[in-house]
Amino acid sequence: MSTEKKEKRILLVGRSGCGKTTLADTITHGSATYHKTQAITRVGNFIDTPGEYMENPNYYRGIILHAYDADIVIFMIPAGDETTIFPPNFGNSLNREVIGVVSKVDMGKDVEAPRRNLKLAGATKIFEISVHDEESLKQLCNYIYG
């Protein structure tokens, strides 16, 4: 499911462990191996941010600046996460389309709280995905690159 030929750049934002790097690796390379993202990196067309950038308000400007390099921003929250690190309407400060992804839906945990929090953060459309479910990844990719 390579996206290398696509021109759109996607900024991934969310807390540590929510699946940003795994999503980028899976879409770009077809599989993922876990490694902790220590700095903003590129994975194919993805701009992968460390979770600490949303966990610490002092780093918000880094996200805002990197949004200028992106065509679309994805806010991610894993299924079962009742809390949010996204300030209300944070997406409005990015001047890009912001969509939401509820990740790890294969775990069978609640998706309603993450959906609600993504909407409050400014996500205009929300996808529920699992990197183990090709159809959910296909729907996300069709929206992004379609």
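Each remark here, short or long, concerns the structure printed above.
Keep in mind that this is a model prediction, so the values were computed, not measured.

Draft legend 1. Main features of the sheet that holds strand β5 (residues 97-103). In spatial order, the strands read β2-β3-β1-β4-β5-β6; together these six strands make up an open sheet with mixed pairing. At either end of the open sheet lies a strand with only one pairing partner, and these are β2 (41-43) and β6 (126-128). Averaged over neighbouring strand pairs, the angle between their axes works out to 30° when direction is ignored. Bridge analysis of β2 against strand β3 (residues 46-48) gives three bridges, and the strand direction is antiparallel. The residue bridging Arg42 from the neighbouring strand is Ile47, located in β3. Across the sheet, helix α3 (residues 60-67) touches β1 (10-14), β3 and β4 (72-78), and the angle it forms with β1 is around 160°.

Draft legend 2. Fine view of the packing of aromatic side chains. Evaluation of the coordinates by the stated rule reveals five aromatic pairs. Ring geometry for Tyr53 against Tyr59: centres 5.1 Å apart, planes inclined by 20°, an arrangement best described as stacked. Considering the side-chain rings of Phe127 and Tyr143, the 5.4 Å spacing of their centres and the 55° angle between planes classify their relative orientation as tilted. Note that Phe127 is positioned in strand β6 and Tyr143 in helix α5 (residues 134-145), a separation of 16 residues in sequence. Look at Phe127 and you get buried, because its relative accessible area is 8%. Taken together, Tyr60, Phe75, Phe86 and Phe90 form an aromatic cluster joined through their ring pairs.

Procedures and definitions
Residues numbered from 1 in each chain as written. Predicted model: local features only at pLDDT ≥ 70, side-chain atom pairs only at ≥ 80, totals over all residues. Heavy atoms only, no water. Pairing = 2+ DSSP bridges. Helix = DSSP H or I, 4+ residues; strand = E, 2+ residues; numbered from the N terminus. Axes fitted to C-alpha atoms, helices over the stretch in contact; angles between N-to-C directions. Contact = heavy atoms within 4.5 Å. Phe/Tyr/Trp six-rings, centres within 6.5 Å; stacked < 30°, edge-to-face > 60°. Buried < 20%, exposed > 50% of the residue type's maximum accessible area, 1.4 Å probe, protein only.

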